[in-house]
Amino acid sequence: MELRSLLQLAYFGATTILFKRKRPLVGSIILTDKCNLACKHCAVSNITSIIYPYPQIRAEMQWLYAEGVRILFFYGGEPFLWRNQGHTLQDLVIEAKQIGFLLVNVVTNGTIQVDLPEADLVMVSLDGGKEKHNDIRGDTYDRIIANIEKASRGNVCLYMAINQINKGDIRAVCETALRTKNVKAVSFNFHTPYPGTEQLKLSRTEKQACANQIEELIDADYPILNLKSALPYIVNNTFPTPCYQCIVVENGEKWVCGRCIDIEGLCAECGFFFAAEFSLLFKGNMKVLLDLFRTYLKYI
Ligand SMILES: C[S@@+](CC[C@H](N)C(=O)[O-])C[C@H]1O[C@@H](n2cnc3c(N)ncnc32)[C@H](O)[C@@H]1O
Ligand code: SF4
Ligand code: SF4
């Protein structure tokens, strides 16, 4: 990250904390819910399979920026399936930068392509070593690794959702990050038990064991883009929800924190690390703030 962007983000963050502002700083745009995979843990793909039109996405970017959002994520479904009126995902990333977003990131399953040099981070979902990943995501592991290695820039962060199937593969994903070209870091989530996926959720004891392992790996200097200081709150689901500084837009609708806010009782079982990390940060948790600076400066 450029120093100028970091200072601007620090200013936005500091004023949010000081003035207890609930304005959003982190925004996600769902480009489509269409997806080429049917992962076992996912409940949000191919519900409508609509590719949202470019003028609508552009209006959403402009609206988010005007609201104060400076960190933008493009999400799906599978965002690399999005193209409309001659525009591609790459064009959207370039346009987002031109609008003035300081960090522009994409979350992808990595099966179509990964190369997006204009993005700050390309978050590529990798749910374990080859066996567990393929169990969850179909036979895609080799293709994803090949796509990552042939990308033109080292801006990839592996993204693992830890659940009953792959809970033993945390270290394996960290090792993959170390040996795979173009990978900067790994970021984790725990499974969030959307209706129909409850069988994959982890008990508190299992989450604690995973958190202990993540902590050990952070201490051993593995490239992990999560905050050690937030782990106890994540394990015990004691972080404040929802995170008012995060916002999601899809097809003209807006949600604070995540679309999952509409599912009764789900926030109390939330496994999304970002929700915990940002909500603790913006509540003014100093340990999390220092941790964030240390970690983000290293990997973004
Ligand atoms: C919904 S996907 C959309 C982007 C892209 N299709 C992908 O798989 O990366 C975004 C992320 O959410 C994660 N995810 C899906 N269902 C989840 C759940 N129930 N709990 C936690 N993470 C989940 C996926 O593993 C993925 O990393
Ligand atoms: S690739 Fe992403 S959107 Fe598609 S089914 Fe898997 S987790 Fe869901
Ligand atoms: S489950 Fe609740 S706290 Fe977690 S991401 Fe969704 S809305 Fe936010």
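If you look the protein up in an unreviewed UniProt entry, it shows as Radical sam from Trichococcus pasteurii.

Participant: Mind laying out the site of ligand 3, listing which residues take part and the relevant values?
Facilitator: Taken together, T241, C257, G258, C260, I261, C267, C270, F272 and F274 make up all the residues around ligand 3. For the shell around ligand 3, a count of residues per class yields seven nonpolar, two polar and no charged.

Participant: Mind laying out the packing of helix α6 (residues 170-179) against helix α7 (residues 204-219), listing which residues take part and the relevant values?
Facilitator: Relative placement of two packed helices is described by the angle separating their axes and the distance separating the axes. Remark: α6 packs on α7, axes separated minimally by 10 Å, with the N-to-C direction vectors making an angle of 30°. With respect to their mutual orientation, α6 and α7 come out roughly parallel. Remark: the crossing between α6 and α7 carries right-handed chirality. Residues I170, R171 and C174 of α6 form the contact with α7, whose own contacting residues are C210, Q213, I214 and L217.

Participant: How would you summarise the packing of aromatic side chains if you had to cite specific residues and measurements?
Facilitator: Tallied over the entire structure, the rule returns five aromatic pairs. Their ring planes at 85° and their centres at 5.4 Å tell us that Y65 and F101 sit as a pair that is edge-to-face. In this pair, Y65 sits in helix α2 (residues 54-67) while F101 sits in the loop between α3 (89-99) and β5 (103-108), placing the two residues 36 residues apart along the sequence. Accessibility expressed as a relative area gives 26% for Y65, which makes it partly exposed.

Participant: I'd love a proper account of a nonpolar patch on the surface, names of residues and values included.
Facilitator: Together, Y244, V256 and I261 line one region of the surface with nonpolar side chains, adding up to about 210 Å² of accessible area. With respect to the helices, strands and loops of the structure, I261 is situated in the loop between β10 (253-256) and α9 (273-282). According to the relative accessible area criterion, I261 is partly exposed, its value standing at 32%.

Participant: Requested: an account of the site of ligand 2, with residues and values cited.
Facilitator: Taken together, C35, L37, C39, C42, S45, G77, N109 and R137 make up all the residues around ligand 2. Residues that form the shell around ligand 2 fall into these classes: four nonpolar, three polar and one charged.

Participant: Break down the pairing of strand β6 (residues 121-125) for me, with residues and values.
Facilitator: With respect to burial, β6 is a largely interior element, five of its five residues being buried. Side chains L121, M123 and S125 of β6 all project onto a buried face; the interleaved residues V122 and V124 project onto the opposite face, where all are buried too. In the sheet, β5 pairs with β6 via four bridges, with the strands oriented parallel. When the bridges of β6 are listed, V107 appears paired with M123. As defined by bridge partners, β6 adjoins strand β7 (residues 156-162) across four bridges and the pair is classed as parallel. Counterpart to S125 in the pairing with β7 is Y159.

Participant: An account of helix α10 (residues 286-299) is needed here, citing residue identities and associated values.
Facilitator: For α10, built from 14 residues, the straight-helix expectation of 20 Å at 1.5 Å per residue is met to within 8% by its first-to-last C-alpha distance of 20 Å. Of the positions making up α10, those classed as buried are V288, D291, L292, T295, Y296 and Y299. What you see down the axis of α10 is that its buried residues fit within an arc of 115°, all on one side. Away from its buried face by more than 90 degrees, α10 exposes M286, L290, R294, L297 and K298. Near the N-terminus of α10, the side chain that reaches the backbone nitrogen of K287, with its oxygen 3.2 Å away, is that of N285.

Participant: So what's going on with the environment of M160? Residues and values would help.
Facilitator: Structurally, the position occupied by M160 is in strand β7. We classify M160 as buried; its relative accessible area is 0%. Separated by 108 residues in sequence, M160 and A268 have C-alpha atoms that sit 21 Å apart. Once you skip the residues sitting within four places of it in the chain, M160 turns out to touch L126, D127, G128, N166, D169, I170, V173, S187, F188 and N189.

Participant: Describe the pairing of strand β8 (residues 183-190), naming the residues involved and giving the relevant values.
Facilitator: Along a regular strand, successive side chains alternate from one face of the sheet to the other. Counted residue by residue, β8 has seven buried out of eight residues, so it is predominantly covered. Two elements, β7 and β8, share seven bridges in a ladder whose sense is parallel. Bridged to I162 within β8 is F190. Following the chain from β7 across α6 to the adjacent parallel β8, one finds a crossover that is right-handed.

Participant: Which residues make up the pattern of salt bridges, and what are the values?
Facilitator: Throughout the structure, instances matching the rule amount to 11 salt bridges. Close ionic contact of E206 with K167 constitutes a salt bridge, the shortest N to O distance being 3.2 Å. Of the two residues, E206 sits in helix α7 while K167 sits in the loop between β7 and α6, which places them 39 residues apart along the sequence. K167 gets classed as partly exposed once you look at its relative accessible area, which sits at 29%. A salt bridge links E175 to R171, with the nearest nitrogen and oxygen atoms 3.7 Å apart. Residue E175 and its partner R171 are both found in helix α6; the two are separated by four residues, about one turn of the helix. Residue class for R171 comes out partly exposed when judged on its relative accessible area of 37%.

Criteria and thresholds
- Residues numbered from 1 in each chain as written.
- Chains lettered and ligands numbered in written order.
- Predicted model: local features only at pLDDT ≥ 70, side-chain atom pairs only at ≥ 80, totals over all residues.
- Heavy atoms only, no water.
- Near = heavy atom within 4 Å.
- Nonpolar A, V, L, I, M, F, W, Y, C, P; charged D, E, K, R; others polar.
- Axes fitted to C-alpha atoms, helices over the stretch in contact; angles between N-to-C directions.
- Helix = DSSP H or I, 4+ residues; strand = E, 2+ residues; numbered from the N terminus.
- Parallel < 35°, antiparallel > 145°, perpendicular 65-115°, else oblique.
- Left-handed = near helix turned anticlockwise from the far one by under 90°.
- Contact = heavy atoms within 4.5 Å.
- Phe/Tyr/Trp six-rings, centres within 6.5 Å; stacked < 30°, edge-to-face > 60°.
- Buried < 20%, exposed > 50% of the residue type's maximum accessible area, 1.4 Å probe, protein only.
- Patch = residues over 30% accessible without salt bridge, like charges linked within 9 Å, V, L, I, M, F, W, Y side chains within 5 Å.
- Areas by Shrake-Rupley, 256 points an atom, 1.4 Å probe, with all protein chains shown as cover.
- Salt bridge = Lys/Arg side-chain N within 4 Å of Asp/Glu carboxyl O.
- Pairing = 2+ DSSP bridges.
- Expected span 1.5 Å × (residues − 1).
- Arc of directions from axis to C-beta.
- Polar contact = N/O pair within 3.5 Å; in protein donor to acceptor, adjacent residues only side chain to side chain.
- Right-handed = clockwise from strand over helix to strand, strands pointing away.

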